[in-house]
Amino acid sequence: MEKIFSWLRQNWRLITLGLAVFLVAYVLLFRGLGSLTGHLYSTSELSAHEHSHSLKTILQDPLNAPHKAVVWAGIKLGHHSMLATRIATALFALCIGLLYYWIIAHWYSTRVAVLSTLLFVTSSSYLHIARYGTALILQMYILAFVAGVVLYQRSRHEKHAIYILAVMAALCFYIPGMVWLLVAEFVLLRKHIKRVLHRFGQKHVVILSLCGLITLAPLLWAIAQRPAIILSVAGLPTTLPSWSLIADQSLHLISSIVYRGYWPSEYWLYGAPLLNITEIILCIIGIIMLVQRPISRANRFVCIALAISTLLVCLGGSANIALLIPLIYLTIAGGIYHLLDQWLAIFPRNIVARGVGIGFMCVLVMFSVFYHLRAYTVAWPQAPETRTVYHLKQPT
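First things first, this report covers the structure right here in the doc. (Residues numbered from 1 in each chain as written. Predicted model: local features only at pLDDT ≥ 70, side-chain atom pairs only at ≥ 80, totals over all residues. Heavy atoms only, no water.)

**With respect to the packing of helix H16 (residues 277-292) against helix H18 (residues 324-346)**
Argument step 1. In contact at an axis separation of 7 Å, H16 and H18 are set at 85° when each is read in the N-to-C sense. Judged by the angle between their axes, H16 and H18 are roughly perpendicular. On H18, the residues touching Glu-279, Leu-282, Cys-283, Ile-285, Gly-286, Ile-287, Met-289 and Leu-290 of H16 are Ile-328, Tyr-329, Thr-331, Ile-332, Gly-334, Gly-335, Ile-336, Tyr-337, His-338 and Leu-339.
Argument step 2. Looking at the contact of H16 with H18 residue by residue, the classes come out as twelve nonpolar, five polar and one charged. (Axes fitted to C-alpha atoms, helices over the stretch in contact; angles between N-to-C directions. Helix = DSSP H or I, 4+ residues; strand = E, 2+ residues; numbered from the N terminus. Parallel < 35°, antiparallel > 145°, perpendicular 65-115°, else oblique. Contact = heavy atoms within 4.5 Å. Nonpolar A, V, L, I, M, F, W, Y, C, P; charged D, E, K, R; others polar.)

**As for helix H3 (residues 43-50)**
Argument step 1. Within the span of H3, buried status applies to Glu-45, Ala-48 and His-49. Down the axis of H3, the sector holding all buried residues measures 100°, keeping them to one side.
Argument step 2. Buried residues belonging to H3 abut helix H5 (65-76) and helix H6 (83-107). (Buried < 20%, exposed > 50% of the residue type's maximum accessible area, 1.4 Å probe, protein only. Arc of directions from axis to C-beta.)

**Quick notes on the pattern of salt bridges**
Argument step 1. Taken as a whole and judged by the stated rule, the model has two salt bridges.
Argument step 2. A salt bridge links Arg-86 to Glu-45; the nearest nitrogen and oxygen atoms lie 2.8 Å apart. One end of the pair, Arg-86, is in helix H6; the other, Glu-45, is in helix H3, with 41 residues separating them in the sequence. Judged on exposure class, the residue Arg-86 and its partner Glu-45 are both buried.
Argument step 3. Across the salt bridge formed by Asp-61 and Lys-68, the nearest N and O atoms sit 3.5 Å from each other.
Argument step 4. Overall, the relative accessible area of 25% leaves Asp-61 in the partly exposed class.
Argument step 5. By relative accessible area, which is 9% here, Lys-68 ends up buried. (Salt bridge = Lys/Arg side-chain N within 4 Å of Asp/Glu carboxyl O.)

**A short note on the packing of aromatic side chains**
Argument step 1. Under the definition given, this model contains eleven aromatic pairs.
Argument step 2. Between the aromatic rings of Phe-120 and Tyr-126, the centroid separation amounts to 4.8 Å while the plane-to-plane angle is 50°, which identifies the pairing as tilted. No difference in accessibility class separates Phe-120 from Tyr-126, as the two residues are buried.
Argument step 3. Ring plane angle 50° and centroid distance 6.4 Å describe the contact between Trp-263 and Trp-268, whose orientation is recorded as tilted. (Phe/Tyr/Trp six-rings, centres within 6.5 Å; stacked < 30°, edge-to-face > 60°.)

**Points about helix H19 (residues 351-382)**
Argument step 1. The terminal C-alpha atoms of H19, which comprises 32 residues, lie 46 Å apart, in line with the 46 Å expected from a rise of 1.5 Å per residue.
Argument step 2. If you look at H19, its biggest bend is around 35°, right at Ala-375.
Argument step 3. Turning to H19, its buried residues number three or more, namely Ala-353, Gly-357, Met-361, Val-365, Ser-368, Val-369, His-372, Ala-375, Tyr-376, Trp-380 and Pro-381.
Argument step 4. Among the structural elements, helix H7 (110-122), helix H8 (124-130), H16, H18 and helix H20 (384-389) are those in contact with the buried residues of H19.
Argument step 5. One side-chain oxygen of the residue at the start of H19 lies 3.1 Å from the amide nitrogen of Val-352, identifying that residue as Asn-350. (Expected span 1.5 Å × (residues − 1). Bend = angle between axes of the 7 residues up to and from the residue. Polar contact = N/O pair within 3.5 Å; in protein donor to acceptor, adjacent residues only side chain to side chain.)

**Observations regarding the environment of Ser-109**
Argument step 1. With respect to the element layout, Ser-109 can be found in the loop between H6 and H7.
Argument step 2. The partly exposed category is assigned to Ser-109, whose relative accessible area is 25%.
Argument step 3. Put simply, Ser-109 and Tyr-337 are 228 residues apart on the chain and 8.1 Å apart in space, counted from C-alpha to C-alpha.

**Let's talk about a nonpolar patch on the surface**
Argument step 1. A cluster of nonpolar side chains, namely Val-206, Leu-210, Leu-213, Ile-214 and Leu-220, defines an oily patch on the protein surface of about 490 Å² accessible area.
Argument step 2. Mapped onto the secondary structure, Leu-220 falls in helix H13 (residues 202-225).
Argument step 3. With a relative accessible area of 46%, Leu-220 lands in the partly exposed category. (Patch = residues over 30% accessible without salt bridge, like charges linked within 9 Å, V, L, I, M, F, W, Y side chains within 5 Å. Areas by Shrake-Rupley, 256 points an atom, 1.4 Å probe, with all protein chains shown as cover.)

Limitation: the analysis is restricted to geometry and does not speak to function.
Take a look at the structure:
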């Protein structure tokens, strides 16, 4: 008993943090998961549930297989309700939230990580997709590539990190549009990858190759049966749109971020922008910092990823605005860091001034938090467009 109390005294901060994360995750991602839409579902959620009923069904159409596999596992465990698709999505969203915090904590600081993660996980764009029972959430795993760039120079267990990243890279082929980000990351880290593989030796290179091939086997088999899947994997449309249509899509994308957006009402408050005024200002500051200070590989990769994701969304293929949302909030985190850094540099020893600056930033963050939570929990469920698309009951 004494050993237990001693362990609790030594790790009480970690335990408290774990309980806080669990509580926040439950409130944001799992509480009212079905009741917010009146226990009604959209056509897309019904389709996602039907395409995850068996391994045979998943192998026939392996695109977004990670999400389908989790839904299938839930069905096998006896959870036959369509709510299983939303639970699977929420589990992926929890991992994305934790990954976002890890990236910002290692890239900037713990203070910036707490503030920007709070902004990200309470944003209506994140909550819409995190609680929407389809595989759209997987496109937010673009953060895995940013984490790979941050991880390459910080990991003490290089071999374990390489194996994890190799499997994650193979899984990303199942997510529309991710192949381009994988190519960009490989080009950016090519010298480091060659150096690491050379140190590993032939045995580990063969094992890594086998792990990648085994992970990709279902997708390769499906492509052999239906070559058209390649376009979906690449996030490209079956026919390329005209330049005028691309220009219209670009204007709509910009409008969706800062003024007014009309994405599907299943995961968007009809007519609402992605960002509020506070986030727009922070995002602009973050973009200026990324352009003016392209020193780190992480900065360069985020700029490249923003360009690739924007192009894929404007082309109108299987890639979606969900690709851009994490990158935009990474940019906002850069804006928070730059503002705090400049303020604290002006007042390095004035405790009152430092407290005022940090307190003002906290007020701005809390304003955004309440704005987005109200938009998601109050405005979105009551919107006529939302009620129109959520009309299906649980099939008997």
